[in-house]
Structures are given as structure tokens and as C-alpha cells.
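# Coordinates in review
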Amino acid sequence: MSTFLMEENIRGKRARVLAYYLPQFHPIPENDKWWGKGFTEWTNVGKAKPLFRGHYQPRVPADLGYYDLRLPEVQEEQAELAKEAGIEGFCYWHYWFGNGRQLLERPFNSMLKNKNIDLPFCLAWANHSWYAKSFDLKGKDQLLIEQQYPGKTDYTEHFFSLLSAFEDDRYVRVDGKPLFVIFSPKSIPDLSLFFDTWNDLAIKNGLKGFFFVANSDNVKEIDLWRSKGFDAVNINRLFHFAQYEYSLWRKAINKFFRLYMNRSSIVEYKVASKYFSGVEDSLEYCFPTIIPNWDHSPRSGRKIHILHNSTPALFKEHATKVIDSVQNKLFEHRICFIKSWNEWGEGNYMEPDLKYGKGYIHALREVLLKE
């Protein structure tokens, strides 16, 4: 982004926080075909029910309501809320399936054209196939659209489809390079070809190359992805509590209930959040993840993990620990990712709801502006 916009957006803040942004909240023909006319993420959110006493469902959006991302006013209001939280920018999930096939691109393209939105942005390639998932014992996942990697010609087309975004002054840069996240780096069969193609095209088109970030839930993979050419790794420890908090016996019982009893794992947020950060977060090339909440039950019913009793106060404790861990880095590299801004179907969001209002937004702001 431009030097002016960057300075305005980070002034007085202790870290550069980017929030993952889901563009699913508008109907598309493919979802109409697969799930029924008018389907959006709100379809699952609206029909959610509590599964046990004290289970916080349904979750109802407050300030923005059940919005439609085809309306420019919605994205403008989201940007203002993000700035209120101290968030530097949104990291939009981007769907490119190969051979020029895209989905859910409309909100990002609309934002790109809307200069009233002065919040910075970047992209995360959600390079995975889509399935109609079965959450019962007898069903099988049904492939809806396959992620493919046709090679250099497709990588070139992919680059030029996004060039206007990379050239935009609002695009988030690190070390002068556009930041680009790859969700599943191990899925790309010719990763070096992808890197070489994009960096070569970037330089030929007046950019300095890319700052590539690998998304990973395994801290043991940090050095691996660095050796493969990534500039940094975004570590997501959402389920790390299971590795340390549970005995082997407890792990076996939990696995039994998930596989054979079709039940979910319910864990206190206060317990799980102790494992959301680690010593690796202080590394210059490790970008940690801040997690406000998690409840996948609107999408999957009983067979899923639920982080129970998340509150803005507990979230603030977790966010403080993460932000503190990056303070010895160059400010340029004090990047933390929020998972997520608006993943309502996963109970994973920062946006205001009827129970807590702007509680998570205010909590993050207090952490980022703490002296």
C-alpha cells in the first residue's frame, strides 16, 4: 500500500493485524444448484440450534444484520468496524480452481473498484477442492468442484487476473512486496514453478516480487516451508490443545465418540486458548494466529469441535499474549492473522452479535493500542 496509507493505518499500534475474510455471503448459481435457491452462509447460521445446555446458538449478527455482500454499503461498514478494532486490513479468501475457474470473486472485485473503502487488503488463495461433506457414519463426501494445477499457462492467467489488485495502493505489502497467502502449500505439485512464474511476472510488471506466506497448523513445518521458498509461515494452533491437554486415554475416547458415536468435542475456550500461541511466534518469519471463537455446528451438527464459553475478556487475554510475542520483531514483520473476521458458519468471527455487541472489536483495540 502507499506509504501514507500504511502510516495512517498502523499509527500507534503494536502489531499489524490482518483478518481473514469470507466472501460467501451472497448467492451464486453454483450454490443455488448444490444447496438450493438463495443459499448463502446465512442459511446454515440461521437454522443453528443449541446442542446442549449453555450452548451459544443461534448466533445472531447485530450491527450489520444478515448482510448481502452484493451491497457496497455493507463492505464499507465492515471496513469501518475493522478500523475501529485496530485491524490493518482484510485478507480475502480467493478461489481459483485452475483453467480460469473462479467462485465468490464478486465481493473482492466490488471492493477493489470502491475507493470509498480505504481499508488495506490482501489475498489468501484457498486452493482446495469443494465437497458436499457428510457428517454421518454411512455417508461419503461428494466432490463439487476440483482444485487443479494445469501449469505455467494457468499460473500466468491467474496472475494477470489479479494484477490490478496487486497494483492497488491499498494492497498490503511486506518488505515492499505484495503479501500473498497460500492455504494448502503441500497441495501444489510444482510450487517452485508457481513461485518463479509469479515473481518473474511481478518484476516485469513493476512490482518487487511477492512476499509468500504458507498457512500451516504444524509448527514442525515452519522450516520446511521456508526451505521451499516461502518468506513466512502463518501458524494456526486452533486444535493444538488436543496434543497437550489430553492423556492418551482421553484422546482415544474422544476419537471413539467422533468416529462411532457421531458426537462433537466440546472444549472450554479458556483451556484451548492456552495453546493458541507458542515460542515460535517470536521468530521473524512466523506470523501467529489470533482466534476469537470457534463453533462449527451450524454447518455440521453434532460431529464437530466446539470451543465453549469464549468471551471478549478471555479473547483479550489470548490476543495480548500473541501481540506481546511479536514485539521484538521489525515492525514490518509484526504480522498476526485473525481467524476470522466473518466465518459465522464456524462460529468464528469478530463482527458484532446480539450477545456481545462490539466486545471482541473493543478488546482487540485495547490490546493493539496498549502503551
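Residues numbered from 1 in each chain as written. Predicted model: local features only at pLDDT ≥ 70, side-chain atom pairs only at ≥ 80, totals over all residues. Heavy atoms only, no water.

Here the focus is the sheet that holds strand E14 (residues 305-308). Within the open sheet, the three strands sit side by side as E11-E14-E13. Their pairing is mixed. The outermost strands of the open sheet, each flanked by one partner alone, are strand E11 (265-268) and strand E13 (294-295). Relative to E14, E13 runs antiparallel, the two sharing two bridges. Pairing of Trp 294 across the sheet is with Leu 307, part of E14. (Pairing = 2+ DSSP bridges. Helix = DSSP H or I, 4+ residues; strand = E, 2+ residues; numbered from the N terminus.)

In terms of burial, strand E2 (residues 89-98) is largely enclosed, as 10 of its 10 residues are buried. In the sheet, strand E1 (residues 16-21) pairs with E2 via four bridges, with the strands oriented parallel. Opposite Tyr 20, over in E2, you have Cys 91 as the bridge partner. Pairing of E2 with strand E4 (residues 121-125) involves five bridges; the strand directions are parallel. Bridge assignment links Tyr 92 to a residue of E4, and that residue is Leu 123. Bridging between E2 and strand E3 (residues 101-103) involves three bridges; their strand directions are antiparallel. Note that in E3 the partner of Tyr 95 across the bridge is Leu 103. (Buried < 20%, exposed > 50% of the residue type's maximum accessible area, 1.4 Å probe, protein only.)

The peptide bond linking Gln 57 to Pro 58 adopts the cis configuration, its omega dihedral lying at -5°. Looking at the secondary structure, you find Pro 58 in the loop between helix H3 (41-47) and helix H4 (72-85). Residue Lys 339 is joined to Ser 340 through a cis peptide bond whose omega torsion reads 5°. In this fold, Ser 340 is placed in the loop between strand E15 (335-338) and strand E16 (342-343). Positive phi values are uncommon outside glycine, yet Asp 175 reaches one of about 55°. Residue Asn 309 is not a glycine yet carries a positive backbone phi of 65°. Looking at the secondary structure, you find Asn 309 in the loop between E14 and helix H13 (312-325). Looking at Asn 309, the relative accessible area reads 41%, which means it is partly exposed.

Interhelical geometry of helix H6 (residues 152-166) versus helix H7 (residues 191-204) gives an angle of 45° and a closest axis separation of 10 Å. Taken together, the axes of H6 and H7 are oblique relative to one another. As for how H6 packs across H7, the hand of that crossing is right-handed. Taken together, the residues of H7 that come into contact with H6 (itself represented by Lys 152, Tyr 155, Thr 156, His 158, Phe 159, Phe 160, Leu 162 and Phe 166) are Leu 193, Phe 194, Thr 197, Trp 198, Leu 201 and Ala 202. Residues that form the contact of H6 with H7 fall into these classes: 10 nonpolar, three polar and one charged. (Axes fitted to C-alpha atoms, helices over the stretch in contact; angles between N-to-C directions. Parallel < 35°, antiparallel > 145°, perpendicular 65-115°, else oblique. Left-handed = near helix turned anticlockwise from the far one by under 90°. Contact = heavy atoms within 4.5 Å. Nonpolar A, V, L, I, M, F, W, Y, C, P; charged D, E, K, R; others polar.)

By definition, a disulfide is the covalent link that joins the sulfur atoms of two cysteine residues. Applying the stated criterion across every chain yields a total of zero disulfides. In this structure Cys 122 is not part of a disulfide, and its nearest cysteine sulfur, from Cys 91, lies 3.5 Å away. No disulfide involves Cys 336; its nearest neighbouring cysteine sulfur is the one of Cys 286, lying 9.5 Å away. (Disulfide = S-S within 2.5 Å.)

Helix length check: H7, at 14 residues, gives a terminal C-alpha distance of 20 Å against a target of 20 Å (1.5 Å per residue), a fit within 8%. Here H7 has its buried residues at Leu 191, Phe 194, Phe 195, Thr 197, Trp 198, Leu 201 and Ala 202. Here the buried residues of H7 occupy an arc of 170° about the axis, which is enough to place them on one side. Turned more than 90 degrees off the buried face of H7, the exposed positions are Asp 196, Ile 203 and Lys 204. Packed against the buried residues of H7 are E4, H6, strand E8 (177-182), strand E9 (211-216) and helix H8 (222-227). A positive phi of about 90° marks Gly 206, the residue just after H7. (Expected span 1.5 Å × (residues − 1). Arc of directions from axis to C-beta.)

The tally for this structure, following the rule as stated, stands at 19 salt bridges. The partner of Glu 30 in a salt bridge is Arg 101, and the shortest N-O contact between them spans 3.5 Å. With a gap of 71 residues between them, Glu 30 in helix H2 (residues 29-35) and Arg 101 in strand E3 connect regions that are remote in the sequence. Judged by its relative accessible area of 36%, Arg 101 is partly exposed. Between Arg 299 and Glu 41 there is a salt bridge, with the nearest N and O atoms lying 2.6 Å from each other. In this pair, Arg 299 sits in helix H12 (residues 297-300) while Glu 41 sits in helix H3, placing the two residues 258 residues apart along the sequence. In this structure, a network of salt bridges that share partners links the residues Glu 41, Arg 299, Glu 343 and Glu 346. (Salt bridge = Lys/Arg side-chain N within 4 Å of Asp/Glu carboxyl O.)

In short, shape yes, function no, at least from these values alone.
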